[in-house]
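# Inside the fold
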Amino acid sequence: MTPTPCPSCGQTMAKHRFARQLHGEVVLDICFPCQGIWFDEFESVQIAPGGIIDLFKLLHQHRDDLRQPLAEPLHCPRCRDRLLQGLDVSKLGGRFNYHRCLQKHGRFSTFGQFMIEKGFVRQLAPLEIEALAARVGIVRCNGCGAPIDIRHDHACPHCKAAIAVLDPQAVEQALARYQQAEVKRTTVDVEALGDAIVMREREKSRARRANTANDIGTLDVADLIGSGISLLSRLLRD
Ligand SMILES: [Zn+2]
Ligand SMILES: [Zn+2]
Ligand SMILES: [Zn+2]
């Protein structure tokens, strides 16, 4: 298998296997620091919902990886051409963006945008953003990775992506359907999510202080989708 350089940072992406719809498996290239997935043509439509649950587990395992915003422009890992931003609408999750190669080599999606496409992430209403802003000031854009101050902005000022959270109900339904598991109900509203994020950020900065003395410049930015996955982690255990 040919190595795939990340369209954003150029590092070799990690290859992971996921269940394919109907049968077989699909190999996806993932960059955890950029939170991006490269799909060779048609790969994204082929990943089975059960495979998406595995993707959640993988994201949860990498929850403490260092994150970085996307580069501009992004380059196709196959031909090195600039990737073009595309916009689409998912019946399940709303508007999402991706970056595609004009020569049809494939497309690059962030985890957040991919989950909107698959209906696992929903966009927050203005009132919900205000409730969350009272607890968490700055969140990471699920489109481009830039920090967004949700006390002032209700969408990303750079890439226009909406503020979105993991939808626990959608995840539970998928779990029930594809693992035939008895699933416990969780009701995660935005205020509970806000509290959970604050606790997680506190834990993270405590861990950072314990580990490194020279990391004091790091901005604490809440990751709404990553935190949602953390909240659901007990559902995601095998
Ligand atoms: Zn990368
Ligand atoms: Zn290309
Ligand atoms: Zn953005």
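See above for the structure.
This report concerns the structure included in the present document. (Residues numbered from 1 in each chain as written. Chains lettered and ligands numbered in written order. Predicted model: local features only at pLDDT ≥ 70, side-chain atom pairs only at ≥ 80, totals over all residues.)

## Section: the overall build of the chain
On a plain count of helices and strands, the chain comes out with 8 helices and 10 strands. Each of the 238 residues in the chain was classed as buried or not, and the buried ones make up 35%. In the chain, once contacts between residues fewer than 6 apart in sequence are set aside, the share between residues at least 24 apart is 62%. (Helix = DSSP H or I, 4+ residues; strand = E, 2+ residues; numbered from the N terminus. Buried ≥ 20, exposed ≤ 12 C-beta atoms within 10 Å, placed from the backbone. Contact = placed C-beta atoms within 7 Å.)

## A closer look at the pairing of strand E1 (residues 14-19)
As paired elements, E1 and strand E2 (residues 25-31) share 6 bridges and run antiparallel to each other. By the bridge assignment, Arg-17 is partnered in E2 with Val-27. (Pairing = 2+ DSSP bridges.)

## Remarks on the sheet that holds E1
With antiparallel pairing, the 6 strands of this open sheet are ordered in space as E1-E2-E3-E6-E5-E4. On the outer flanks of this sheet lie E1 and strand E4 (84-90), each paired with one strand and no other. When the angles between neighbouring strand axes are averaged without regard to direction, this sheet yields 35°. (Axes fitted to C-alpha atoms, helices over the stretch in contact; angles between N-to-C directions.)

## Focus on unusual backbone geometry
A cis amide bond links Glu-72 to the next residue, Pro-73, at an omega of 0°. Summarising the element assignment, Pro-73 is placed in the loop between helix H2 (49-61) and E4.

## Here's the deal with the environment of Gly-50
For Gly-50, the position within the fold is in helix H2. Here Gly-50 falls in the partly exposed class, since 17 other C-beta atoms lie within 10 Å of it. Distance in space between the C-alpha atoms of Gly-50 and Phe-18 is 8.2 Å, their sequence separation being 32 residues.

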